[in-house]
Amino acid sequence: MSEIPAKATESEDSSGGPRTEAADGLFSGDAPSAGAMWQSSPPGSMYDYIKVASFSIGPDGLIDQWSLRAEQLFGIPAARAVGMDPIAAFVDPDRREQGQRKMAEILDGREWTGVVPFRLPDTMVRDERDREGLAEVYVMPTRTEEGEKAAVCIVVDVRTLRRIETDLAASQAIFGQSPFGFLLIDPDLRVRRANQRFASIFGGSVDDHRGKGVHDYLPRGEAERVAATLRRVLETGDSITDMHVTGFVPGSEERRHWSVNLYRVHSGSGRSIGVAWLGTDITARRAAAREAAAARRNLALLNEAGARIGNSLDLETTARELLDVVVPGFCDLATVDLYQGLLAGDETPPGLADGSAEVRRVAFASAVSEAPFDGTGERVKLGAVHHYAFNSPCAAALRTARPQTVPGEEGGLVQSTLAVPMVAHDTVVGLAQFARTKGSEPFGDRDRDLAVELAARAAVCIDNARLYRREHERALILQRSLLPPGDPEASGLDIACRYLPGNAATGRPSEVGGDWFDVIELPGHRTALVVGDVMGRGLRAAVAMGELRTAVRTLAQLDLEPAEVLSQLDEIARGLGAPGGVRQATRAARRPREADLSEVYLATCVYAVYDSVTRRCTFANAGHLPPVLVEPGEPALMLDVPPGMPLGVGGEPFEEVEVELPEGALLALYTDGLVESRDHPLDEGLQAFVGALTGPSPMVSGHPPSATAPRADTHPNLEDVCDHVLNTLDTHHGEDDIALLMARVQGLPAESVGDWTLPREPRSVGRAREHARAQLLGWDLEPLVDTTELLVSELVTNALRYGEGEIRLRLLLDRTLVCEVWDAGLVQPRRRRARDTDEGGRGLQLVGLLSAAWGSRRTPRGKTVWFELPLPGTDTVLTDPAEALLSLF
């Protein structure tokens, strides 16, 4: 309480200032001893908030006492205030007359209380709006020591009172009207006050919560954490914002969540009186946030699935990609089972069967230390073929195409499992199982829908991979069917070949290409070697390759020159993309506006014809890589064969190059997949190929030379050379098909060739028979003598009658016996059926009956008519000449 001045007795304190003694027994009932004084209000009293001042007025109506609180309230020091007329000093001029009358009444001994406006001095005014104050004055009459009438005035600042009233109203609004729970917690961590909102949540009235602590509302662990936070706020004064508190409310088992703000509360004197607790129930917001987070997580998982699943057109790889997405982001363990028929290449999977068909486990993933998957009560190893019992949930999922929830076994690791059928285009292709271990969040409806979506996406990719695998295998079968079966054989050549489809080395599926090679036997123990590459990939390229290969074999049988063969192939390639064939393609080429209506097929090809008698080889090239020749004892070199334009371009002739190949030389034809890849340019690959062919020794790959190959004992095994080349070069890039055809020259020895020139006279027929008989007897081929004499007689007779120039007879012995009759005539013999009454016209029919094959071909100086006979001891049965002659009539 502020001191009240009174003119009782005055004495000087130690500081020299006046000191006022208390009135007789004012509080204690006893007269105070000398030196006693009024005490200031204790901290926390109402006077810390209310501005109360006092002064006294003497009998003359002037101020004779001025307290320190009056100095603070009015801003006038005591030295100035004492002796001042309070009416003149603080009251406006228009109210002074009324003030003087009141003062007279007060000095007459009357009490008075009321609200009085007053003016503040200039020293206390910062804003003119604050110049006028309002004070509530309580005037009490008193007497001086002389008995004269005086007065004591107690003044309260009304503005401060109204501010306190406003603060109280605001405080009441917070406690009574706030939608948030509000607590005032004292330094002992007890509830001093709670509002109605808090009481409505935790039950009871507002007064029922007074004196309770945080342990009365929260679980022990959470209460300890909150209590420690309250102590820290009390000690440091640092406020806490959005502290999440978890607990339960009476009468409910639902876990609730609150967001709490804490701040320290002070009294007017600055003393800490506790902590304010403002709490908001965020249970619904937390649930919504969890739902939103789950939705975002699921969306992110679907986006990841879209980016990662289906990057490979392989069934097993696609299944593993699904598990890489879901473990551990969606579940702890997962497996994928696919129908065994699907993996075996069946046209259609079992679909909605009884669910017990055989399936194979193609993928497994675990985030729990490689724990086995036993969510459905069955442990199946990766790669094992198994089936589900008809009454099992997994069989039901496969049968109905609907997901099934499988609870975990008692005491097991798995809490629950989702068995989700993998459905693509209304067809079930397999089953995906997603399991969560105990302690994880159980599967909900949202998780179930997500699992179905993930399985459906993977199923579509797996079905696409199945369809691609089927088409790829078909194209590969088609492509392989168009290549020479087994190991080709040729007269005067040792042949070895290799074909690697694209990505065969890497194990990844890819589109088939248009690479091919061929070995074609020609008359006269000659051989055509062909290697080509249709540009592009896929089934169209394989079909185009098949058409070109068939055309090559047909043209080769016509015994055309290599350049002429490529010219005809070029016309055929130009007609492949046009609906009307070659002629339509030619017309389209003249009309550029219609070029988009025709599909362009381009191919490269090298065509070589080798004569085993002369060991000469004629090459023609259509935009292909040059052949490589390795002569005995010499480094490998690329033959300078004019490349020409690719097949399908048209308009340019092809050139021929003839090369004599020494005995034992090695010839290599190949496609660009062998020497070119993304990481190795063509020039580098060609140099590496040449180096690989230069390097092999007789002990290539650690194997000695083959002892069975005739006349090749001094050379490395050709199969080993092929393996050495493929192992040395970068053949594992898988970007393109690889075709490699290698041939070692083994020309016919001179003793296997009989060659005679006959004059153009009738006696030459007999001489031809004599030469043939003598040569066959020299070769120990007596069983062929009669047939050979008869057929040689027929061909030489025809040359005399229908041919021109001198006649040449040649016998060639290799795997078969070939007889050739040469003349300068250009007219090709034509076989016709003779009538029963005709005396002639049966010669060529007889040749056709007795020989294994016969024909004619053009030569630079005329033509050659030939026939071929199998050697004795082979599987081919010779026709008896007598029976053949009788069959003609």
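See the structure printed just above.
Residues numbered from 1 in each chain as written. Predicted model: local features only at pLDDT ≥ 70, side-chain atom pairs only at ≥ 80, totals over all residues. Heavy atoms only, no water.

Examining the overall build of the protein
Where we set the bar: Strands are runs of DSSP state E lasting at least 2 residues, helices are runs of H or I lasting at least 4, and numbering of each runs from the N terminus. Think of it in three bands: residues with accessible area under 20% of the maximum for their type are buried, residues over 50% are exposed, and the middle band is partly exposed, with areas taken using a 1.4 Å probe on protein chains only. Contact definition: two residues touch when any of their heavy atoms are within 4.5 Å. Note that accessible areas follow from Shrake-Rupley with a 1.4 Å probe, and for residues the cover is restricted to the protein chains shown.
Counting its secondary structure elements, the protein contains 21 helices and 33 strands. Split into buried and exposed, the 889 residues of the protein put 46% on the buried side. Contacts in the protein between residues at least 24 apart in sequence constitute 61% of all its contacts with a sequence separation of at least 6. Accessible surface, the protein: about 44,800 Å² in total, of which carbon and sulfur atoms supply 51%.

A word on the pattern of salt bridges
Let me state the cut-off plainly: Only one rule defines a salt bridge in this text: a Lys or Arg side-chain nitrogen within 4 Å of an Asp or Glu carboxyl oxygen.
Considering all chains together, one arrives at 34 salt bridges under this definition. Notably, a salt bridge pairs glutamate 719 with arginine 498, separated by 2.7 Å at the nearest N-O pair. With glutamate 719 in helix 17 (residues 718-728) and arginine 498 in strand 19 (residues 493-500), the pair connects residues that are 221 residues apart, well separated along the chain. Taking relative accessible area as the criterion, arginine 498 reaches 19% and is therefore assigned buried.

Structural notes on the sheet that holds strand 33 (residues 862-870)
Here is the rule we go by: One requirement defines pairing of two strands: DSSP has to find at least two bridges between them. Between the N-to-C directions of two axes lies an angle of 0 to 180 degrees, each axis being a line fitted to C-alpha atoms and, for a helix, fitted only over the stretch in contact.
Strand order in the open sheet formed by 5 strands is 29-30-31-33-32, and the pairing between neighbours is antiparallel. Every interior strand has two partners, whereas the edge strands, strand 29 (753-758) and strand 32 (853-859), have only one. Adjacent strand axes in the sheet meet at a mean angle of 15 degrees, parallel and antiparallel pairs treated alike. When strand 32 meets strand 33, the two strands line up antiparallel, connected through 7 bridges. Within strand 33, the position partnered with arginine 857 by the bridge is threonine 864. Contacts from helix 19 (residues 785-802) reach strand 30 (807-813), strand 31 (816-823) and strand 33, with the element oriented near 170 degrees to strand 33.

Some thoughts on the packing of aromatic side chains
Test applied: Centre distance within 6.5 Å is the pairing criterion for rings of Phe, Tyr and Trp, where only the six-membered ring of Trp is used; planes under 30 degrees apart are then read as stacked, over 60 as edge-to-face, and the remainder as tilted.
Under the definition given, this model contains 9 aromatic pairs. Taking 4.7 Å as the distance between ring centres and 65 degrees as the angle between the ring planes, the aromatic pair formed by tyrosine 670 and phenylalanine 689 counts as edge-to-face. Here the residue tyrosine 670 occupies a position in strand 27 (residues 666-670), and phenylalanine 689 occupies one in helix 16 (residues 682-694), the gap between them amounting to 19 residues. One exposure class covers both tyrosine 670 and phenylalanine 689, and it is buried. Put simply, the rings of Phe198, Phe202, Tyr217 and Trp258 touch in pairs and so form one group of aromatic residues.

A closer look at the pairing of strand 20 (residues 513-522)
The element strand 20 is largely enclosed, with a buried count of 9 among its 10 residues. Bridge analysis of strand 20 against strand 21 (residues 526-537) gives 10 bridges, and the strand direction is antiparallel. Across the sheet, the residue bridging to aspartate 515 is aspartate 533, located in strand 21.

What about empty space enclosed by the protein?
Selection rule: Using a grid of 1 Å spacing that covers the protein atoms alone, one calls a set of points a cavity when a 1.4 Å probe fits there but cannot get out, and a pocket when the set is open and has protein on both sides within 12 Å along at least five of seven lines; lining residues are those with an atom within 4 Å of a point. Grid points are joined across faces, edges and corners, and a volume is the space filled by probe spheres set on the points. The classification used treats Ala, Val, Leu, Ile, Met, Phe, Trp, Tyr, Cys and Pro as nonpolar, Asp, Glu, Lys and Arg as charged, and all other residues, Gly among them, as polar.
Overall, the coordinates contain 2 cavities of 30 Å³ or more when judged by the stated rule. Of the pockets and cavities examined, the second largest cavity occupies roughly 30 Å³. Lining of the second largest cavity is provided by Leu493, Leu529, Tyr610, Cys617, Leu661, Leu667, Ala743 and Val745. Broken down by class, the residue content of the lining of the second largest cavity amounts to 8 nonpolar, no polar and no charged.

Things to note about the pairing of strand 12 (residues 272-281)
Pairing of strand 8 (residues 181-185) with strand 12 involves 5 bridges; the strand directions are antiparallel. Bridge pairing links leucine 184 to alanine 276 in strand 12. Pairing of strand 11 (residues 256-266) with strand 12, which is carried by 9 bridges, proceeds in the antiparallel orientation. When the sheet's bridge partners are listed, histidine 266 is paired in strand 12 with serine 272.

Description of a negative patch on the surface
The line we're drawing: What goes into a patch is any residue over 30% in relative accessible area without a salt bridge, connected to like charges within 9 Å or, for nonpolar side chains (Val, Leu, Ile, Met, Phe, Trp, Tyr), within 5 Å. Positive charges come from Lys and Arg, negative ones from Asp and Glu, while His and the chain ends are left out of the count. A charge is said to be at NZ when it belongs to Lys, at CZ for Arg, at CG for Asp and at CD for Glu.
Where like charges cluster on the molecular surface, the negative patch consists of Asp60, Glu145, Glu146 and Glu148. If you trace the backbone, aspartate 60 turns up in the loop between strand 3 (52-57) and strand 4 (63-66). What makes aspartate 60 exposed here is its relative accessible area of 56%.

Notes on the environment of valine 52
Its place among the elements puts valine 52 in strand 3. Residue classification places valine 52 among the buried positions, given a relative accessible area of 13%. Expressed as a C-alpha distance, the spacing of valine 52 and valine 137, which sit 85 residues apart in the sequence, is 9.9 Å.

Notes on the packing of helix 16 against helix 17
Test applied: Two helices cross in a left-handed way if the nearer one is turned anticlockwise from the farther one by less than a right angle. They cross in a right-handed way if the turn is clockwise.
Relative to each other, helix 16 and helix 17 sit at 140 degrees, their axes nearing to 10 Å. Crossing of helix 16 over helix 17 shows right-handed handedness. Residues Phe689, Ala692 and Leu693 of helix 16 lie in contact with helix 17, whose contacting residues are Val721, His724, Val725 and Thr728. Partitioning the contact of helix 16 with helix 17 into residue classes produces 5 nonpolar, 2 polar and no charged.

A closer look at the nonpolar core
Condition: Within this scheme, the nonpolar core is defined by two criteria: the residues are buried Ala, Val, Leu, Ile, Met, Phe, Trp, Tyr or Cys, and they are joined through side-chain atoms within 4.5 Å.
Counting residues in each nonpolar core, the largest one holds 56 residues, and the members touching the most others are Trp516, Leu529, Leu569, Tyr607 and Leu741. Residue contributions to this core peak at 8 residues, all from helix 13 (residues 539-557). Non-local contacts of tryptophan 516, meaning those with residues more than four positions away in its chain, are made with Leu483, Val530, Val531, Gly532, Asp533, Val534, Met545, Leu548, Arg549, Val552, Thr604 and Cys605. Residues Ala319, Ala419, Cys461 and Ile462 belong to the second largest nonpolar core, which totals 48 residues.

A word on the sheet that holds strand 14 (residues 359-366)
In spatial order, the strands read 15-14-13-18-17-16; together these 6 strands make up an open sheet with antiparallel pairing. Looking at the sheet topology across the chains shown, the edges are occupied by strand 15 (385-386) and strand 16 (404-407). Here strand 16 pairs with strand 17 (residues 414-424) via 4 bridges, running antiparallel. Looking at strand 17, one finds that valine 406 is bridged to threonine 417. Those strands touched by helix 9 (residues 315-326) are strand 13 (333-339), strand 14, strand 17 and strand 18 (427-437), and its axis lies near 30 degrees from that of strand 14. Across the sheet, helix 11 (residues 393-400) touches strand 13, strand 16, strand 17 and strand 18, and the angle it forms with strand 18 is around 140 degrees.

The values are spatial; any link to function lies outside them.
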